[in-house]
Number of protein chains: 2
Amino acid sequence: MISLYDLEFTDGRRPSPFCWRAKFALAHKGLAWQEVPVGFTEKDKIAFSGQKLLPVIVDHAQGDAVVPDSGAIAAYLDRTYPQKPQLIADPASVRFVSNWTGPVVHAAIFAMMVADMYARVRPQDRDYFRQSRARWIGTEDFEAFQAAARTDRLASFRHSLEPLRLQLKAGPFLSGETPSYLDYIVASAFLWARSVTSFALLDAGDPIIPWRDRMIDLYGFGQKAVVVT
Amino acid sequence: MISLYDLEFTDGRRPSPFCWRAKFALAHKGLAWQEVPVGFTEKDKIAFSGQKLLPVIVDHAQGDAVVPDSGAIAAYLDRTYPQKPQLIADPASVRFVSNWTGPVVHAAIFAMMVADMYARVRPQDRDYFRQSRARWIGTEDFEAFQAAARTDRLASFRHSLEPLRLQLKAGPFLSGETPSYLDYIVASAFLWARSVTSFALLDAGDPIIPWRDRMIDLYGFGQKAVVVT
């Protein structure tokens, strides 16, 4: 059994895209895990990991090995469970997909839903979220920031996803016939959005939608996740 | 020996980024090749390949095997010469880098140097270039289009290269300690630009520049290539 320390919002929402990456990785490997919900102001729960970011896993079958960081978790699982399906065939090019997802996908999605996120943070974490995110975006007026981002950034965000559309011409998953960590990196951003906003990030006819929905349903995640409608 | 059919402009310039990918792939594999320059209006030279795009290789050591398409060439070389250093560890994620490079890097670079390209096409190919590229961009006034692109697109182009900057924090090459096809895909765009324009695509302090220069010098390509200054 593996324990997964997982960021929690209200109503059991699990927004963190990096925690979704870890859940996809565990499911891909066919490993069982139990989730330990952690609020923004409960970082003492992961003090044992020597750092403050989620996700963290503790692998009880491996002497309670502690691994923080979604990328390190994927590498650990491939290394520790090599007999299970491989997650990452080439670390450098998978890192590129992650380095694209951060500034292009995460940054734009965050801007277009920051107020919706704020509305769904646990009450005891609201001050933490407001202060830390205001430092990121330069204002505490999340509603105004979000509204402006939806006006100013939506078209360029959709255009910036062109690599995904080209990729999906070659197969049902970004990785080809079957999903791998490349799919999990990008899909996790959409699972994040889905847990906190009903805003339509994609145009109704976008060929990315069938892939996104396929990823949401994979491993039963869609059924389990809290959704904003 | 391998024959490489390679797009040629004036003064022996070799602009095609896809042909540069093939040259990087051949050099990575330690294979010798001879170049057969082909102008835009000399596609009869590659009629034997059953298609009209460069590069094409003919592998004389393998019964004159004919392989068009830079991606197919890289896959062919890995398959046929597995004892040489591997080019592509994971086709799907390398394909993602190529699918990013097209709409993000090639599209912007092309717009910002189309008039400079036109000035360096072989005289007998100028009509072909003007007509075909005017269909792409909707105008034959390449000077005005290029000037507008340099004003309107340079900042967003530079910003869109953020994945490269993040990637280079982990090592001297996009692939880590040593270069592989991921580096070749992106570097080929800069070798293309370098052969036809002196326009500064990157800010002088950009951390991408040392990598770009490292790639230009790799395999002696920088010394061999025609450069616009």
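About the thresholds
Residues numbered from 1 in each chain as written. Chains lettered and ligands numbered in written order. Predicted model: local features only at pLDDT ≥ 70, side-chain atom pairs only at ≥ 80, totals over all residues. Heavy atoms only, no water. Helix = DSSP H or I, 4+ residues; strand = E, 2+ residues; numbered from the N terminus. Rg over C-alpha atoms; globule rule 2.2 N^0.38 Å. Buried < 20%, exposed > 50% of the residue type's maximum accessible area, 1.4 Å probe, protein only. Contact = heavy atoms within 4.5 Å. Areas by Shrake-Rupley, 256 points an atom, 1.4 Å probe, with all protein chains shown as cover. Lys, Arg positive; Asp, Glu negative; His and termini not counted. Charge placed at Lys NZ, Arg CZ, Asp CG, Glu CD. Least-squares fit on C-alpha atoms with pLDDT ≥ 70 in both. Core = buried A, V, L, I, M, F, W, Y, C linked by side-chain atoms within 4.5 Å. Salt bridge = Lys/Arg side-chain N within 4 Å of Asp/Glu carboxyl O. Axes fitted to C-alpha atoms, helices over the stretch in contact; angles between N-to-C directions. Left-handed = near helix turned anticlockwise from the far one by under 90°. Nonpolar A, V, L, I, M, F, W, Y, C, P; charged D, E, K, R; others polar. Pairing = 2+ DSSP bridges. Buried area = accessible area lost by both parts, 1.4 Å probe. Polar contact = N/O pair within 3.5 Å; in protein donor to acceptor, adjacent residues only side chain to side chain.

Novice: Report on the overall build of chain A, specifying residues and quantitative values.
Specialist: Helix and strand counts for chain A come out as 10 helices and 4 strands. Starting at the N terminus and ending at the C terminus, chain A contains elements arranged as β-α-β-β-β-α-α-α-α-α-α-α-α-α. Computed over C-alpha atoms, the radius of gyration of chain A comes to 17 Å, within 12% of the 17 Å expected from 2.2 N^0.38 for 229 residues, which places it in the range of a compact globule. Dimensions of chain A, computed from the C-alpha atoms along their principal axes, are close to 50 × 45 × 30 Å. Evaluated residue by residue, chain A yields a buried proportion of 55% over its 229 residues. Looking at chain A alone, contacts between residues at least 24 apart form 69% of all its contacts between residues at least 6 apart. When the accessible surface of chain A is totalled, it reaches about 9400 Å², and 53% of it is carbon and sulfur. Looking at charge distribution, chain A has the averaged site of its 26 positive side-chain charges lying 1 Å from that of its 25 negative ones.

Novice: Residue-level account of the relation of the copies chain B and chain A, with values.
Specialist: At an RMSD of 0.0 Å, chain B and chain A line up after a rotation of 180° and a shift of 0.0 Å along the axis. On this basis, the relationship between the two copies can be described by a two-fold rotation axis. When you check the interface residues of chain B against chain A, 100% turn up at the interface there too, and the contact is symmetric in its surfaces.

Novice: I'd like to hear about the nonpolar core, residue by residue, with values.
Specialist: Most often, soluble globular proteins keep nonpolar side chains buried together rather than apart. By size, the foremost hydrophobic cluster in this structure holds 162 residues, and its most contacted members are Leu77 and Trp211 of chain A together with Leu77 and Trp211 of chain B. If you tally residues by element for this core, the top one is helix H3 (residues 91-118) of chain B, at 17 residues. The residues contacting Trp211 of chain B, other than those within four sequence positions of it, are Leu168, Pro172, Phe173, Leu174, Asp183, Val186, Ala187 and Phe190 of chain B.

Novice: Give a description of the pattern of salt bridges that names residues and reports values.
Specialist: A complete count under the given rule lists 30 salt bridges over all chains for this structure. Note that Glu42 of chain A and Lys45 of chain A form a salt bridge whose closest N and O atoms lie 3.3 Å from each other. Residue classification places Lys45 of chain A among the partly exposed residues on the basis of a relative accessible area of 33%. Between Arg13 of chain B and Asp11 of chain B there is a salt bridge, with its nearest N and O atoms 3.4 Å apart. Overall, Arg13 of chain B belongs to the buried group, its relative accessible area being 10%. Shared partners join several salt bridges into a network, and the residues in it are Asp6, Arg14, Lys23 and Glu35 of chain A.

Novice: Provide a residue-level description of the packing of helix H3 (residues 91-118) of chain A against helix H5 (residues 142-152) of chain A, including the pertinent values.
Specialist: Residues and elements named next belong to chain A. The geometry of H3 relative to H5 is characterised by a closest axis approach of 6 Å and an angle of 145° between their N-to-C directions. The element H3 and its partner H5 pack so that their crossing is left-handed. Counting all contacts with H3, which are made through Ala111, Met112, Met113, Val114, Ala115, Asp116 and Tyr118, the residues of H5 involved are Phe142, Glu143, Phe145, Gln146, Ala149 and Arg150. Looking at side-chain class alone, the contact of H3 with H5 contains 9 nonpolar, 1 polar and 3 charged residues.

Novice: Now, about the sheet that holds strand E2 (residues 33-38) of chain A: what can you tell me, with residues and values included?
Specialist: All names here are of chain A. Spatial strand order, E2-E1-E3-E4: 4 strands in an open sheet with mixed pairing. Both outer strands of the open sheet, E2 and strand E4 (65-68), are each paired with one neighbouring strand and no more. If you compare each strand with its neighbour and ignore which way they point, the axes differ by 20° on average. Taken together, the 6 bridges between strand E1 (residues 2-7) and E2 define a ladder with parallel strand orientation. Residue Ser3 lies in a different strand from E2, and its bridge partner there is Gln34.

Novice: So what's going on with the interface of chain B and chain A? Residues and values would help.
Specialist: Contacts between the two partners involve 21 residues from chain B and, on the opposite side, 21 residues from chain A. Contact with chain A buries area across many residues of chain B, yet Phe96, Asn99 and Gln167 of chain B alone supply 31% of it, more than any other trio. At the boundary of chain B with chain A, the tally comes to 7 residue pairs in polar contact (both at pLDDT 80 or more). Only H3 and helix H7 (162-168) of chain B provide two or more residues apiece to the side of chain B that touches chain A. Broken down by element, the residue count for the side of chain B that touches chain A peaks at 9 residues, all from H3 of chain B.

Novice: So what's going on with the sheet that holds strand E1 (residues 2-7) of chain B? Which residues, and what values?
Specialist: Residue and element names in this part refer to chain B. One open sheet holds the 4 strands; their spatial order is E2-E1-E3-E4, and the pairing between them is mixed. Each of the sheet's edge strands pairs with one partner strand only, and the pair in question is strand E2 (33-38) and strand E4 (65-68). Each strand of the sheet is rotated relative to its neighbour by a mean of 20°, with strand direction disregarded. Both E1 and strand E3 (residues 56-59) contribute to a ladder of 4 bridges, which runs antiparallel. Bridge pairing in E3 links Leu4 to Ile57. The strands touched by helix H1 (residues 17-28) are E1 and E2; relative to E1, the strand with the most contacts, the crossing angle is about 155°. With respect to the sheet, helix H2 (residues 70-80) is in contact with E1, E3 and E4, its orientation differing from that of E4 by roughly 135°.

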